[in-house]
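Coordinate inspection notes
Given next are the chains, with one letter for each unit.
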Amino acid sequence: TTRVAGELRPQEVSMIMWALAKLAESGMDVDATAVQAVSAETTRVAGELRPQEVSMIMWALAKLAESGMDVDATAVRAVSAETTRVAGQMEPQAVSNILWALARRSPEATTLG
């Protein structure tokens, strides 16, 4: 089944966001409209995200920002807020990804919240 923005499940959102970040990391051009559409979906599904999905999205948002993409601050805030809900269920790698993402925020960076 083909899904469009507005119909994506949390796992699909996290996987797409991760894939966009991996493309940007490898130097490929990533469509800003796609990033914005998936960011909007991220905000919509934030309350349903599982620990691994929170981790993947936080990592992806940081990586996209690091690559020079405009990242939706609302999405960053929505996913960041979910870390406390899922923290007790996280594997060490998920915690590491989130800490890395938070560490990538520079004082002057407004794109990560």
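Residues numbered from 1 in each chain as written. Predicted model: local features only at pLDDT ≥ 70, side-chain atom pairs only at ≥ 80, totals over all residues. Heavy atoms only, no water.

Some words on helix 2 (residues 32-45)
Taking 1.5 Å per residue as the helical rise, helix 2 with its 14 residues ought to reach 20 Å, and the 20 Å between its terminal C-alpha atoms agrees with that figure. Close packing links the buried residues of helix 2 with helix 1 (10-25), helix 3 (51-66) and helix 4 (73-86). (Helix = DSSP H or I, 4+ residues; strand = E, 2+ residues; numbered from the N terminus. Expected span 1.5 Å × (residues − 1). Contact = heavy atoms within 4.5 Å.)

Observations regarding helix 4
Helix length check: helix 4 (14 residues) gives 20 Å between terminal C-alpha atoms against 20 Å at 1.5 Å per residue, within 8%. Within the span of helix 4, buried status applies to Ala73, Ala75, Val76, Ala78, Val79, Glu82, Thr83 and Val86. Contacts made by the buried residues of helix 4 are with helix 2, helix 3 and helix 5 (92-103). Between a side-chain oxygen at the N-terminus of helix 4 and the backbone nitrogen of Thr74 the separation is 2.9 Å; the capping residue is Asp72. (Buried < 20%, exposed > 50% of the residue type's maximum accessible area, 1.4 Å probe, protein only. Polar contact = N/O pair within 3.5 Å; in protein donor to acceptor, adjacent residues only side chain to side chain.)

Examining the pattern of salt bridges
Applying the stated criterion across every chain yields a total of 8 salt bridges. In this structure, Lys22 engages Glu25 in a salt bridge whose closest nitrogen and oxygen atoms are separated by 3.1 Å. Taken together, the residues Lys22 and Glu25, both in helix 1 and 3 residues apart, mark about one turn of the helix. Its salt-bridge partner being Lys63, residue Glu25 comes within 3.3 Å of it at the nearest N-O pair. Of this pair, Glu25 sits in helix 1 while Lys63 sits in helix 3, and the two are 38 residues apart along the sequence. The class for Glu25 is partly exposed, based on a relative accessible area of 38%. (Salt bridge = Lys/Arg side-chain N within 4 Å of Asp/Glu carboxyl O.)

A closer look at the packing of helix 1 against helix 2
Between helix 1 and helix 2, the shortest axis-to-axis distance is 10 Å and the interhelical angle comes to 145°. Read as a crossing pair, helix 1 and helix 2 show a hand that is left-handed. Mapping the contact onto sequence places Pro10, Val13, Ile16, Met17 and Leu20 in helix 1 and Ala34, Val35, Val38, Ser39, Glu41, Thr42 and Val45 in helix 2. Per-class residue counts for the contact of helix 1 with helix 2 are 9 nonpolar, 2 polar and 1 charged. (Axes fitted to C-alpha atoms, helices over the stretch in contact; angles between N-to-C directions. Left-handed = near helix turned anticlockwise from the far one by under 90°. Nonpolar A, V, L, I, M, F, W, Y, C, P; charged D, E, K, R; others polar.)

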